[in-house]
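# Coordinate analysis (summary)
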Amino acid sequence: MNDVKDRATALAGERAQTMASNIRKVGVVGAGQMGSGIAHVCALAGLNVAINDLSGDRIKAGIATINGNMARQVSRKRITEDERQAALKRIAAAESFDALGDCDLVIEAATEKEDVKRGIFTNLCPSLKPDAIVASNTSSISITRLASSTDRPERFIGIHFMNPVPLMELVEVIRGIATDDRTFETTKQFISKLGKTIAVAEDFPAFIVNRVLMPMINEAIYTLYEGVGNVEAIDTAMRLGAHHPMGPLELADFIGLDTCLSVMQVLHDGLADSKYRPCPLLVKYVEAGWLGRKTQRGFYDYRGEKPVPTR
Ligand code: NAD
């Protein structure tokens, strides 16, 4: 009996191995900080990449970011100049979803808004090969719900990279209710090929990392809102007092305050517990368009030589 089971497991593993080696071309939708990071690591791992965004200019900006980040890796001797050149050649701009038609895997890394993501999947799927896997890099939204806006819930999965993608070792993998074993196994093989470590999370709001991290960041913003400390005191306290590499407000700016707010809203709506209530000060910053580093202003102002706290 055990022999039969072992053989079945081995066969499933072999099948997934073949499938993973069939992932030769990856599509990335969204060329912001995460999409460009995902394209970066895929291209360095030898995969062809097509990257899409709302406009040609945004795609160009994403590719320029990748170029700059790879140049930094060359100067730090993490990769060679030849590897950089070869990887850049593997990245193409995809101005329409039709240009993703020959991808084996498409990873959506657009703005953290459910209606935006659902709209992308509805328009994207008709352009794809029937057996292509579709994934979302969402930080918090239900994979099962997103899967329902595709024509292939069994080949839909959550692949949650961490920021900055080239540096962070972890990728969370989240199966939706319909995700089949082959998709799960192929995804795990693909992530291993990128040299990352996998943590499997169940499909509950914000999964593991953000379920723990975001309430901490939100609490730090409450601490600021209630005047317990100013920006500098809160970040210094957590850097030196808890040995965090970045203070929580600095980290929130790095992640993007719009993303932080969306994750807290998903936690609050999905778990219906007032402990996840987004801090009104976070809402105010987002309403002001002060989204952190990406807009040059958040809990710090980044427009000068060095970051200056805004409170
Ligand atoms: P970002 O704001 O840097 O980039 C989002 C990009 O999506 C923008 O370039 C935007 O133009 C594009 N976009 C919006 N609508 C689109 C559409 N319809 N079609 C194509 N492109 C579209 O955001 P980000 O930080 O890169 O986050 C992207 C995703 O990754 C979100 O789901 C976020 O939750 C997730 N994520 C973010 C982090 C982080 O630390 N920032 C970490 C892990 C996961």
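Residues numbered from 1 in each chain as written. Predicted model: local features only at pLDDT ≥ 70, side-chain atom pairs only at ≥ 80, totals over all residues. Heavy atoms only, no water.

## Considerations on the packing of aromatic side chains
Defined as follows: Ring pairs shown here join Phe, Tyr and Trp side chains whose ring centres sit within 6.5 Å, with only the six-membered ring taken for Trp; geometry is labelled stacked below 30 degrees between planes, edge-to-face above 60, and tilted in between. In this description a helix means any DSSP run of H or I spanning at least four residues, a strand means any run of E spanning at least two, and both kinds are numbered starting from the N terminus. Any residue under 20% of the maximum accessible area for its type is buried, any over 50% is exposed, and the rest in between are partly exposed; the area is computed with a 1.4 Å probe on protein chains only.
Counted under the stated rule, the structure contains 5 aromatic pairs. With centroids separated by 5.1 Å and ring planes inclined at 90°, the aromatic side chains of F121 and F156 adopt a geometry described as edge-to-face. With a gap of 35 residues between them, F121 in helix α5 (residues 114-124) and F156 in strand β6 (residues 156-161) connect regions that are remote in the sequence. Accessibility expressed as a relative area gives 0% for F156, which makes it buried. Note on Y300 and Y302: the rings are 6.3 Å apart at their centroids and 50° apart in plane angle, and the pair reads as tilted. For the pair Y300 and Y302, a shared accessibility class is recorded, and that class is buried. The structure contains a cluster of three or more aromatic residues connected by ring pairs, namely Y285, W290 and F299.

## A closer look at helix α2 (residues 33-44)
Applicable threshold: The length a helix should cover is 1.5 Å for every residue beyond the first.
The end-to-end C-alpha separation of α2 is 17 Å, in line with the 16 Å expected for 12 residues at 1.5 Å each. Counting buried positions along α2 yields 10 of 12 residues, so the element is predominantly enclosed. If you check which residues of α2 are buried, you get M34, G35, S36, G37, I38, A39, H40, V41, C42 and A43. Within two residues after α2, G46 carries a phi angle of roughly 95°, on the positive side.

## Comments concerning the sheet that holds strand β8 (residues 197-201)
Worth spelling out the cut-off: Here, strands pair whenever DSSP counts at least two bridges between them. Fitted lines through C-alpha atoms serve as axes, helices being fitted only where they are in contact, and the angles separating the N-to-C directions of these axes extend from 0 to 180 degrees.
Taking strand neighbours across the sheet as the criterion, the 8 strands line up as β3-β2-β1-β4-β5-β6-β7-β8 in an open arrangement whose pairing is mixed. In this open sheet, the two strands that pair with only one neighbour each are β3 (91-93) and β8. Averaged over all pairs of adjacent strands, the angle between strand axes in this sheet comes to 25°, irrespective of strand direction. The pairing of strand β5 (residues 133-136) with β6 spans 3 bridges and is parallel.

## Overview of helix α10 (residues 248-255)
Put simply, the rule is: Contacts are assigned to residue pairs with any non-hydrogen atoms lying within 4.5 Å of each other.
The buried count for α10 comes to 6 of 8 residues, which makes it a mostly enclosed element. Where α10 is buried, its residues touch α2, α8 (209-225), α9 (231-241), α11 (257-271) and β9 (300-301). Positive backbone phi, at 115°, marks G256, one or two positions downstream of α10.

## Comments concerning the pairing of strand β2 (residues 48-52)
The two faces of a sheet get side chains in turn, since along a regular strand they alternate between them. To be explicit about the condition: Crossover handedness is defined here as right-handed if the route from the first strand over the helix to the second strand goes clockwise, with the strands pointing away from the viewer.
Of all 5 residues in β2, 4 are buried, a share of seventy percent or more. Examined bridge by bridge, strand β1 (residues 25-29) and β2 share 5 bridges and lie parallel to one another. Within the sheet, the bridge partner assigned to V28 lies in β2 and is I51. For the crossover from β1 across α2 to β2, the handedness is right-handed. The pairing of β2 with β3 spans 3 bridges and is parallel.

## Points about the site of the ligand
What counts, and what does not: Definition of nearness: a residue and a molecule or strand are near each other if at least one heavy atom of the residue lies within 4 Å of the molecule or strand. Whenever a nitrogen or oxygen atom comes within 3.5 Å of another N or O atom, the pair is scored as a polar contact, on the condition that within protein one atom can donate a hydrogen and the other can accept it, and that pairs from neighbouring residues in sequence are kept only if both atoms are in side chains. Exposure was quantified through the Shrake-Rupley algorithm and a 1.4 Å probe, taking into account, for residues, occlusion by the shown protein chains and nothing else. Put simply, Ala, Val, Leu, Ile, Met, Phe, Trp, Tyr, Cys and Pro go in the nonpolar bin, Asp, Glu, Lys and Arg in the charged bin, and everything else, Gly too, in the polar bin. The domain limits used here are those given by an automatic or database domain assignment.
Around the ligand, the surrounding shell holds 25 residues, and the nearest of these are D53, R58, E112, K117 and S139. Between the ligand and D53 there is a distance of 2.6 Å, counted from an oxygen atom to a side-chain nitrogen or oxygen. Considered on its own, the ligand offers 830 Å² of accessible surface; in the complex 89% of this is hidden by protein. At the level of elements, α2, α5 and β6 are the ones that each hand at least two residues to the shell around the ligand. The residue inventory of the shell around the ligand, partitioned by class, reads 9 nonpolar, 11 polar and 5 charged. Two domains each donate at least three residues to the shell around the ligand, and these are domain 1 (2-201) and domain 2 (209-309).

## Considering the nonpolar core
Rules: Take the buried Ala, Val, Leu, Ile, Met, Phe, Trp, Tyr and Cys residues and link them wherever side-chain atoms come within 4.5 Å; each set so joined is a nonpolar core.
Counting 35 residues, the largest nonpolar core has V26, L105, I159, F161 and F190 as the members making the most contacts within it. If one sorts the elements of this core by residue count, α2 sits on top with 6 residues. Judged by nonpolar contacts, the second largest core, of 27 residues, contains V231, I255, L267 and Y300.

## Quick word on the domain arrangement of the protein
As a reminder of what qualifies: The term buried area means the drop in 1.4 Å probe accessible area that two parts suffer when joined, counted for both and summed. What counts as a salt bridge is simple: a side-chain nitrogen of Lys or Arg found within 4 Å of a carboxyl oxygen of Asp or Glu.
Assigned domains of the protein: these are domain 1 (2-201) and domain 2 (209-309). Taking only C-alpha atoms into account, the centre of domain 1 sits 27 Å from that of domain 2. Residue-level contacts link 12 residues of domain 1 with 8 residues of domain 2. Note on domain 1 versus domain 2: buried area summed over both sides is about 830 Å², and carbon and sulfur give 56% of it. Considering only the side of domain 1, the residues that lose the most area to domain 2 are Q33, E112 and S140, jointly responsible for 43% of the buried surface there. Counting across the domain 1 and domain 2 interface gives 0 salt bridges. Viewed at the interface, domain 2 and domain 1 are joined by 5 residue pairs in polar contact (both at pLDDT 80 or more).

## Overview of the pattern of salt bridges
On inspection of all chains with the given rule, the structure shows 14 salt bridges. Taking the shortest distance from any N to any O, the salt bridge between R84 and E81 comes out at 2.9 Å. Highlighted residues: R84 and E81, both in helix α4 (residues 81-89), separated by 3 residues, approximately one helical turn. Overall, R84 belongs to the buried group, its relative accessible area being 15%. The exposure class of E81 is partly exposed, given its relative accessible area of 33%. The residue D151 makes a salt bridge to R152 at a minimum N-O spacing of 2.7 Å. Because the salt bridges share partners, they merge into one network encompassing E108, E112 and K117.

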